Amino acid sequence: MLAPLLQMRGIVKHFGGVHALRGVDLTVGAGEVHALLGENGAGKSTLMNVLSGVVRPDAGAIEIDGEPVAFATPADAQAAGVAMIHQELDLVPQATVTENLFLGREPRTRFRTLDRAAMRGHARELLDDIGIDLSPARTLSSLRVGEQQMVAIAKALSLEARILVMDEPTSALSDSEVERLFAIIPRLRRRGVGVVFISHRMDEIAVIADRGTVMRDGRNAGTFVVAETAPAEVIRMMVGQPIEQLFPDREPPREAVRLGVRGLTVAEHPGGGRTEPRDVDLEVRAGEVVGLAGLLGAGRTELLDALFGLAGHRLAGTVELDGAPVRLASPRDAIAAGIGYVPEDRRVSGLVMMESVAANIVLSALPTLARAGWRRASRERSAVAASIRDLHIKTASAESAVGTLSGGNQQKVVFARHLLREPRLLLLDDPTRGVDIGAKSEIYRLLAGLAAGGMAVLVASSELPELLGICDRVAVLRGGRIVTVLDGRTATQEAILAAASLEQHTTVEAG
Amino acid sequence: MSVDTTEPTAEAATKRRRFVIPERFFTLQSYVALILVFLAAIVFSPRRGGEIVFLNSENLLNIVRAVSEIGILAIGMTFVILIAGIDLSVGAILGLAATGTASLLMVHDFGVAMTILIILTIGLAFGATQGYLSARLGIQAFIVTLAGLQVARGLARIWSGGQGIALAYGDGADVAPRAFSLLNSRTFNGTVPIPALIFAGVGVIALIVVRKSVFARHVYAIGGNERAARLSGIPVTRVKVTVFAISGLLAALAGIIHAGQLNQGSPNDGMGYELDAIAAVVIGGTSLMGGVGTVSGTLAGALLLGILNNILALNNIDSNVQLLIKGVIIVAAAGIQAFRSQQK
């Protein structure tokens, strides 16, 4: 039998006292799509950093086509045919697709000047090769995230990549973009490329992967053939013990209307590019969890932003909390009115990464914990300790840098910050994106507990099972408008999708 | 050097580990540097009758007096750099304040208290305006304060007609009240120079503010992640305006001290001081990217620069060589910081 394309054996890596990898094996065949799963902190990223030459292992062997290799730098790994498509793409946003494809190895003419004609021709070929329908003259930043990713893939393949590592490639994509990405995978297979596909999403793995390897605590927790394995079995491998019930039981909401929105419309931002809310009517009762569903670009984030004062003076319409109209010109206003917001991207919008867990938790509550602008250390300490205990935040200490925490625990820090202000209404934007299944379950339980305590919760999510699992009602957005509100107990994924994606071709065509 | 290629990678890993500098060193970097420079100064100090001149208490206090103006500017600059800003106008505000002080005392016959109040208000307002332009209109602080530098110098020249104004003390009109010459004197039986005392006072207040105030936490959060700070309900614009106002206020205070120490105020005073202040902050380990840094580091950085100037002067070394050495130290400090972020 032929040697597999890639074989990693007994990879060990310590960071200081931390055992990141304790002897991990990974085998990927030519033309295989191999899923790599595991909770955050299981060691997936470290393993891939070893494979791509970013991190040197303490022990273990890597073979490509049966030949032992050792990578001292990412350039070594690239030369051996390993390419990594990062979540943050290594492309120049201001440059065109063509320029990006040939960055650092631009074809020259006889006179050593840029051979633009050759670049254009080549670029077209590279894109056609894997079936990407894009104009190579476009500026990268004008492309959607998914399209940018495909450019990165085309670039990797043009560098003779034989092993392609894709780190959560779909996390920022809309459903249609995911389809386009998946459509090029058969072409990669035919070329004999081995793909390592890191993902949290079981449904995607079922569609795209041949086999999978599950990691837990820096070790192999199992390898499986996708077609023969039930998702529940994979989840069991990931968490070690079965999660009996992902979604918690809920108490019925109360009668009192907590949030009342009428005719909320936000004027276009001068910069544009966002789907602002249009004529939105919405009610959330005390103790109720309402979901916001919709395709990417349907305006979910924009609606939450507006309710948190981020639209500023562009906001029109009325917003009432417990029957009293509130002014929402800034996040300060919103927080003062009793609104909390767990934003979409905790790294960009949530956390101050270089600061401690404690500093991040008390950030919003500082003025309320202080006396006349002077901090009271003991009150801060006890508030932080209570948050860490109540939300089960796993951290070495309150003074650890927040960047050392896993994704799920970072998310809980952002939660804790807003809960310290005891909000009446909690807004959440995709609160479980990029967190592992154990932390997801904890976050669902937390939301259910808050609602049971009388808080009103408005949560946007791109994961429909999540919305159906935790929401009393689901409002479906399209083009900034709420097109329908469904009952969370009786609604189905199909019903939500139908409402979200029913495109009005006739009006578009006419316009 | 030849490396055996069959050697397992574990060996390479231990080799790499040996070069890892403990994180603690970086946080203490400026103090370590200060101690090293202090020890070097003792070694290289001239001796007079067996006594080490550098360690003479009068000399040491003189160092603090000499760095008091730069030190006060650097404290304000620390807050500005913590919010990832920069304030190029502080040297010019110092010049404007020194000129204004001399003019108000000599030409307009204002009292000392009134003069100080007016000058501090001017500095505060100047800084706040720059802060507003930068925070509210989104013009980069570099540009706003570069313009502010020009404006402050221009105002100072217009105010004094381009001339320096010398201070003469006495009673009656056209002389400055004797009380103002206190700034050029020493307290505690003629030992501690007043400017050194003011510098120490400002330093202590700043240390307390950083440790204990909500405002300082807001400053760090804005420098670390402005969007997260805004979403946490921090009044970002107000904090930024306050930071620039503090910098302007402290620059005016330094200008008043400057006029007192030199018995004059000239529109050209404080040329290039902003760069020394930035140098002290950078040597103190504060990141120009914002969010990371300490006031205590800045104080150490300012003292380090002062000791350096002092020991070179004691040895009669050309002041141009001092510039050269200062440059090397700044690059070294920044280089160590860069190494720190790479190591992470």
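The structure this text deals with has already been given above.
Below you will find a few notes about this structure. (Residues numbered from 1 in each chain as written. Chains lettered and ligands numbered in written order. Predicted model: local features only at pLDDT ≥ 70, side-chain atom pairs only at ≥ 80, totals over all residues.)

Section: the overall build of chain A
Note the threshold: In this description a helix means any DSSP run of H or I spanning at least four residues, a strand means any run of E spanning at least two, and both kinds are numbered starting from the N terminus. Note that the radius of gyration is over C-alpha atoms, with the globule rule given as 2.2 Å times the number of residues to the power 0.38.
Looking only at helices and strands, one finds 19 helices and 20 strands in chain A. In terms of overall dimensions, chain A is globule-like: its C-alpha atoms have a radius of gyration of 25 Å, near the 24 Å expected for 511 residues. Taken along the three principal axes of its C-alpha coordinates, chain A extends 70 × 60 × 50 Å.

Description of the overall build of chain B
Rule in force here: Residues with at least 20 neighbouring C-beta atoms inside 10 Å of their own are called buried, those with 12 or fewer are called exposed, and the rest are partly exposed, where every C-beta is derived from the backbone.
The secondary structure content of chain B amounts to 14 helices and 6 strands. Relative to its length of 344 residues, chain B is compact, with a C-alpha radius of gyration of 22 Å against a globular reference of 20 Å. Dimensions of chain B along its principal axes, counting C-alpha atoms only, are 90 × 65 × 35 Å. Within the span of chain B, comprising 344 residues, buried residues form 47% of the whole.

Quick word on the environment of Arg 56 of chain A
All names here are of chain A. Looking at the element boundaries, Arg 56 is found in the loop between helix H1 (44-51) and strand E4 (59-64). For Arg 56, a count of 17 C-beta atoms within 10 Å gives the class partly exposed. When the C-alpha positions of Arg 56 and Asp 429 are compared, they lie 37 Å apart, and in sequence the two are 373 residues distant.

Comments concerning helix H9 (residues 214-224) of chain B
Selection rule: Note on contacts: each residue gets a C-beta atom placed from the backbone, and two residues are in contact if those atoms are within 7 Å.
Burial of H9 of chain B is extensive: 10 of the 11 residues sit out of reach of the surface. Buried residues of H9 of chain B: Val 214, Phe 215, Arg 217, His 218, Val 219, Tyr 220, Ala 221, Ile 222, Gly 223 and Gly 224 of chain B, and no others. In this structure, the buried side of H9 of chain B is in contact with helix H12 (357-362) and helix H13 (366-369) of chain A together with helix H4 (57-82), helix H8 (194-212), helix H10 (226-231) and helix H11 (236-262) of chain B.

Things to note about the environment of Val 33 of chain A
Residues and elements named next belong to chain A. For Val 33, the location among the structural elements is in strand E3 (residues 33-37). The spatial distance from the C-alpha of Val 33 to the C-alpha of Arg 110 is 42 Å, given a sequence separation of 77 residues. If sequence neighbours within four positions are ignored, Val 33 has contacts with Ile 185, Val 195, Phe 197, Ile 208, Ala 209 and Asp 210.

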